[in-house]
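Understanding the architecture of this molecule
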Amino acid sequence: MDKTFISNSKEETIDFGDAIGRIASEGDVLLLRGPLGVGKTCLTKGVARGLGIDRVVQSPTFMLIREYQGRLPLYHMDLYRLVFKEIDELGLDEYLYGNGVCVIEWAENGEGLMPPDAIVISIEYIDDNRRKITVTDDNDTDFIDRLQKELK
Ligand SMILES: Nc1ncnc2c1ncn2[C@@H]1O[C@H](COP(=O)(O)OP(=O)(O)OP(=O)(O)O)[C@@H](O)[C@H]1O
Ligand SMILES: [Mg+2]
């Protein structure tokens, strides 16, 4: 199942992430796809806010993984600079199958290492300020239904 949403601004993308943070459960893994600068970190800031995290979320590009403590732990990862072998050797399973929420930018680089029940969020450019956000749940859980209700 998938569902497409439109964001008209950075703030709307943060609000969208916030709704995700509010409905997120222990063990949720969110894979953020989309080109450079499209808004993956921006959406993650919203997820953090929705989880009740008030620390400023920065791009983990040079840190690889940043942990934040909210209603649930948030593990924010950015695999942009890594190739499959490096990601495999990192041993991300303690995070991916842990008790927090994982938000992973550039998870494409670790395709095959991600849990089969992960939620995929693809962000595409429409123009300078607008983005198309597609949420895909291959396991047809109630994630998308709960998100839509939370956004109303
Ligand atoms: N609707 C929108 N949603 C999100 N960001 C937007 C939107 N419109 C404009 N922007 C701008 O796009 C940029 C998104 O940057 P961000 O760091 O979130 O991208 P990213 O996908 O994480 O990039 P990278 O691949 O380098 O990690 C910001 O400068 C933000 O202000
Ligand atoms: Mg980013």
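I will try to describe carefully the structure that is included in this document. (Residues numbered from 1 in each chain as written. Chains lettered and ligands numbered in written order. Predicted model: local features only at pLDDT ≥ 70, side-chain atom pairs only at ≥ 80, totals over all residues. Heavy atoms only, no water.)

Examining the sheet that holds strand S6 (residues 119-125)
Strand order in the open sheet formed by seven strands is S1-S7-S6-S2-S5-S4-S3, and the pairing between neighbours is mixed. At either end of the open sheet lies a strand with only one pairing partner, and these are strand S1 (2-7) and strand S3 (65-69). Strand-to-strand twist across the sheet, computed as the mean angle between neighbouring axes with direction ignored, equals 20°. One ladder, built from six bridges, connects S1 with strand S7 (residues 131-136); its direction is antiparallel. Each bridged residue has a counterpart across the sheet, and for Asp-2 the counterpart in S7 is Thr-136. (Pairing = 2+ DSSP bridges. Helix = DSSP H or I, 4+ residues; strand = E, 2+ residues; numbered from the N terminus. Axes fitted to C-alpha atoms, helices over the stretch in contact; angles between N-to-C directions.)

Description of the coordination of the magnesium ion (ligand 2)
Note on the magnesium ion (ligand 2): its protein donors are Thr-41 (OG1) and Glu-105 (OE). The metal-donor distances range over 2.1 to 2.2 Å. You can see Thr-41 sitting in helix H2 (residues 40-50) and its partner Glu-105 sitting in strand S5 (residues 101-105), a full 64 residues away along the chain. In this structure, Thr-41 and Glu-105 share a single accessibility class: buried. (Donors = N, O, S within 2.8 Å, 3.2 Å for Na, K, Ca; no water. Buried < 20%, exposed > 50% of the residue type's maximum accessible area, 1.4 Å probe, protein only.)

Details of the packing of helix H1 (residues 10-23) against helix H5 (residues 143-151)
Packing of H1 against H5 leaves a shortest axis separation of 9 Å and a crossing angle of 120°. The angle between H1 and H5 falls in the class oblique. Seen from above, H1 lies across H5 with right-handed handedness. Between H1, through Phe-16, Ala-19, Ile-20, Arg-22 and Ile-23, and H5, the contact on the second element is made entirely by Phe-143, Arg-146, Leu-147, Glu-150 and Leu-151. Partitioning the contact of H1 with H5 into residue classes produces seven nonpolar, no polar and three charged. (Parallel < 35°, antiparallel > 145°, perpendicular 65-115°, else oblique. Left-handed = near helix turned anticlockwise from the far one by under 90°. Contact = heavy atoms within 4.5 Å. Nonpolar A, V, L, I, M, F, W, Y, C, P; charged D, E, K, R; others polar.)

Any functional reading would require information that these geometric values do not contain.
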